[in-house]
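An overview of the molecular structure
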Amino acid sequence: MSRLRIIVAGAGGRMGLANIAAVAAHDAVELVGALDRAGSAALGKDAGVLAGIEPLGILVSDDAGALLDGADAIIDFTAPAASVALAQLAAKKGLVHIIGTTGCSADDEAAIAAAGAAGARIVKSGNFSPGMVALTVLVERAARALGDYDVEVLEMHHNQKVDAPSGTALMLGEAAARGRNIDLKDNSVRVRDGHTGPREAGTIGFATLRGGNVIGDHMVILAGPSERIELNHRAQDRTIYANGAIKAVRWAVGQAPGLYSMADVLGLND
Ligand SMILES: NC(=O)C1=CN([C@@H]2O[C@H](COP(=O)(O)OP(=O)(O)OC[C@H]3O[C@@H](n4cnc5c(N)ncnc54)[C@H](OP(=O)(O)O)[C@@H]3O)[C@@H](O)[C@H]2O)C=CC1
Ligand SMILES: O=C(O)C1=N[C@H](C(=O)O)C[C@H](O)C1
């Protein structure tokens, strides 16, 4: 079987570099293009050299339209505006679009869903690590079983991260909210400052730490009257996300157009 042809967007970014290296190392896929924004320092450079592996003969370009004609899939960990624009292109060309970008607004999410309805095969997740997706299942069950415990989600990332809470923290919050049959957006406390008063029962709290080069640490705490359960995940290498994105590409090529999650890829919604 021929290898799936992949374009990596945000090629010069932290995840772009990890995605290039992971695609180059995988037998079932091949890198056919590398994209970055107009004006990026990565433009014109060899994607393999940028990623610290052998030269691949693929130069980073800002011409998405031209590159996508020869591709089956885009792996995109960039920024919300870029992901929306790529989703619209993917819809026109019927491509697989893997979106790891976090910090999307409600309007961005609606535009991405519309691109799925219009012909793209999109897998979007705040975290592509299979371990993290498994953790969301545990969190949902624990939040259901311990219905009166206080749920707090704590995350720490590197000092260059631009959105908060992390996409993963929000996924974990959504999982806890599902376990409680409540709507996260009406029951979350995203920041605390000043004289806040006592904690409101039933809410899901978030706390955000930033520093150093932490790849991604998340903890869900369920605090009860005389005990505390801590469900922890620590990413040790961005390869875990990149390999999850490749798994999603391989799954999505066989699906009808639409918007899917990593839980769909792993068969957790069957
Ligand atoms: N779902 C998951 O598993 C994971 C998700 N992420 C998410 O992925 C995203 C990227 O993270 P990270 O790699 O650390 O960030 P970086 O800032 O290192 O990389 C982002 C890349 O996207 C490029 N970019 C920014 N804006 C645009 C645009 N409008 N058009 C095209 N390219 C653009 C940047 O170019 P330039 O630098 O030139 O501005 C850069 O190359 C974040 O949202 C992060 O939260 C990260 C890890 C895992
Ligand atoms: O920006 C990052 O680095 C990460 N972003 C994702 C998020 O917002 O949860 C996933 C991972 O935690 C790393």
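Keep in mind the model is a prediction, meaning the values are calculated, not measured.

What follows deals with the overall build of the chain. Per the secondary structure count, the chain includes ten helices and twelve strands. On C-alpha atoms alone, the chain measures out to a radius of gyration of 19 Å, which is about the 18 Å that the 2.2 N^0.38 rule sets for 270 residues. With the C-alpha coordinates aligned to their principal axes, the bounding extent of the chain is approximately 60 × 40 × 30 Å. Residue burial in the chain is summarised as follows: out of 270 residues, 46% are buried. Nonlocal contacts in the chain, meaning residues at least 24 apart in sequence, comprise 70% of its contacts between residues at least 6 apart. For the chain, the exposed area adds up to about 12,700 Å²; of that, 51% sits on carbon and sulfur atoms. Put simply, the chain has 24 plus and 30 minus side-chain charges, and the middle of one group is 1 Å from the middle of the other.

This part covers the site of ligand 2. Around ligand 2, the neighbouring residues are T102, G126, H157, H158, K161, S166, G167, T168, I215, H218 and Y241. Looking at the shell around ligand 2 residue by residue, the class counts come to two nonpolar, eight polar and one charged.

Glancing now at the sheet that holds strand β9 (residues 204-210). With mixed pairing, the five strands of this open sheet are ordered in space as β8-β9-β7-β10-β11. What marks the edges here is a single partner per strand, and that holds for β8 (188-189) and β11 (228-234). The pairing of β8 with β9 spans two bridges and is classified as parallel. Each bridged residue has a counterpart across the sheet, and for S188 the counterpart in β9 is I204. Lying over the sheet, helix α6 (residues 130-145) contacts β10 (217-223) and β11, oriented at roughly 165° with respect to β11.

About the thresholds
Sequence order sets the numbering: in each chain, residues are counted from 1 along the sequence as written. Lettering of chains starts at A and numbering of ligands starts at 1, both following the order in which they are written. Restriction of local features to residues with pLDDT of at least 70 applies here, the model being predicted, together with a cutoff of 80 or more for giving and counting side-chain atom pairs; totals for whole chains, interfaces and linings are based on all residues. Only hydrogens and water are set aside when side-chain values are computed; all heavy atoms of the structure are taken into account. Note on conventions: DSSP H or I runs of at least 4 residues are helices, E runs of at least 2 residues are strands, and numbering of each starts at the N terminus. Restricting the calculation to C-alpha atoms gives the radius of gyration, and the globule rule supplies 2.2 Å times the number of residues raised to the power 0.38. Throughout, exposure labels follow a simple rule: accessible area from a 1.4 Å probe, protein chains only, divided by the maximum for the residue type, with under 20% read as buried, over 50% as exposed, and the rest as partly exposed. We call two residues in contact when some of their heavy atoms are within 4.5 Å. Accessibility throughout is a Shrake-Rupley quantity obtained with a 1.4 Å probe, and a residue counts as covered only by protein chains that appear here. Charge counting follows a simple rule: Lys and Arg are positive, Asp and Glu are negative, and His as well as the terminal groups are ignored. Taken as the charge centre is NZ of Lys, CZ of Arg, CG of Asp or CD of Glu, depending on the residue. It suffices for a single heavy atom of a residue to lie within 4 Å of a molecule or strand for the residue to be listed as near it. Lys, Arg, Asp and Glu make up the charged group, whereas Ala, Val, Leu, Ile, Met, Phe, Trp, Tyr, Cys and Pro make up the nonpolar group; the residues left over, Gly among them, are polar. Here the rule is simple: two strands pair whenever DSSP picks up at least two bridges between them. Helix axes are fitted only over the stretch in contact, all axes being lines through C-alpha atoms; the angle between N-to-C directions runs from 0 to 180 degrees.

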